[in-house]
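Structural overview for review
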Amino acid sequence: MVRKLATVALILVLAGCQTDRPASPARDGEGAVGRASISTQNANDSRIAKTLFGAMSFASAQPPEAIGGFSRGCQAGAVQLPESGPTWQAMRLSRNRNWAQPVTVQFVQDLSRFAATQPGWAGLYIGDMSQPRGGPMLTGHASHQTGLDADIWMLPPRRLDLSRQEREDLSSIRMDRSSGAYVNGDWSAQHMAILRAAASDPRVNRIFVFAGAKVAMCDAETGDRTWLNKIRPWYGHNYHFHVRLNCPAGARGCEPQAAIPPGDGCEDARQWVRDILNPPPPDPNAPPPRPRGELTMAALPGQCLNVLNSN
Ligand SMILES: [Zn+2]
């Protein structure tokens, strides 16, 4: 079994950043799917969930709640991150993905305030959070479904008065070289300070970033290393990092992801880098990758039908 999991992880490494399927517990990626929720009201609902949730333009008139798993859920009562604030701007407004649970919106604002204390940083550019009612998306992410995920650009904001059009046109910058094995010359102590602040926040469950960045931080940290535990190497995440929050207290329908193994995770990240630089040969006995099916409404928790049908 251990070997099988290792094989799956290996396939994922070879598949590169196109995938964010769950891997072994040690490599517990962005797309990790929680346990399936039991529901009856939508048990035979074969409608494609992303089509329905992708069409919702505003939040449900319900109390805030993160429902289901990060890659198999939805959100009730979301709030919208204001398009601009004193220390942040939401990017790519046309996507309408600046919605999240209140705790996430608060966290992003708090982190942006810290970022603004860093030399060269006016605050943060905020990428995708979730759709107004969460759920699967027509394009992009497998996760970001419950209003507890936020992508944060690595590009240090020089100004926070970008127009709507500029927020469509501007791109973040990549921080890696050698396919994510190392950081490049744009990586800075400020990036590490912001990631350290994010990972030290008790609201944060984990942060996904490319393996070379994790190793760079492992090498640079001379003080307390406990925050490194929450920094998780993952595919992509070289133009942005991805913060995932814990299920809010009392959110009984929210499914937490499997716990991160103890320790700073630095050796795991170094192995990840070695696998990038010198990919192990594929296992001839590895099962073929399963095609990713579209999530139907029946695959989501029953409460998500209420979220969809709410005013
Ligand atoms: Zn993300």
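Residues numbered from 1 in each chain as written. Predicted model: local features only at pLDDT ≥ 70, side-chain atom pairs only at ≥ 80, totals over all residues.

Per the secondary structure count, the protein includes 8 helices and 13 strands. Within the protein, contacts between residues at least 6 apart in sequence are counted, and of these 76% link residues at least 24 apart. (Helix = DSSP H or I, 4+ residues; strand = E, 2+ residues; numbered from the N terminus. Contact = placed C-beta atoms within 7 Å.)

Val 108, Ile 126, Leu 195, Ile 207, Val 209 and Phe 241 are the most contacted members of the largest nonpolar core, which totals 69 residues. The dominant element in this core, judged by the number of residues it contributes, is helix H3 (residues 102-115), at 6 residues. Contacts of Leu 195, omitting those with residues within four sequence positions, involve Ile 207, Val 209, Met 217, Ile 231 and Phe 241. (Core = buried A, V, L, I, M, F, W, Y, C linked by C-beta atoms within 7 Å. Buried ≥ 20, exposed ≤ 12 C-beta atoms within 10 Å, placed from the backbone.)

Attention now moves to unusual backbone geometry. If you check the backbone angles, Arg 92 has positive phi at about 50° while not being a glycine. Along the chain, the position of Arg 92 falls in the loop between strand E5 (88-90) and strand E6 (99-100). Note on Arg 92: 18 C-beta atoms within 10 Å, which makes it partly exposed. Of note, the phi angle at Ser 178 is positive, near 50°, even though the residue is not glycine. Overall, Ser 178 belongs to the exposed group, with 12 C-beta atoms counted inside 10 Å.

Quick look at helix H5 (residues 189-199) now. For H5, the full list of buried residues reads His 191, Ile 194, Leu 195, Ala 198 and Ala 199. Projected onto a plane normal to the axis of H5, the buried residues spread over an arc of 130° and lie on a single side. (Arc of directions from axis to C-beta.)

Our focus in this paragraph is the packing of helix H6 (residues 211-220) against helix H7 (residues 266-277). In the contact formed by H6 and H7, the axes pass within 9 Å of each other and the chain directions differ by 135°. By the angle class used here, H6 and H7 are oblique. As for the relative orientation of H6 and H7, their crossing is left-handed in sense. Contacts between H6 and H7 pair Ala 211, Gly 212, Lys 214, Val 215 and Cys 218 from the former with Cys 266, Ala 269, Arg 270, Trp 272, Val 273 and Ile 276 from the latter. (Axes fitted to C-alpha atoms, helices over the stretch in contact; angles between N-to-C directions. Parallel < 35°, antiparallel > 145°, perpendicular 65-115°, else oblique. Left-handed = near helix turned anticlockwise from the far one by under 90°.)

Within the secondary structure, Arg 164 sits in helix H4 (residues 164-169). Residue classification places Arg 164 among the exposed positions, given that 11 C-beta atoms sit within 10 Å. With 81 residues separating them in the primary sequence, Arg 164 and Glu 83 have C-alpha atoms 9.2 Å apart.

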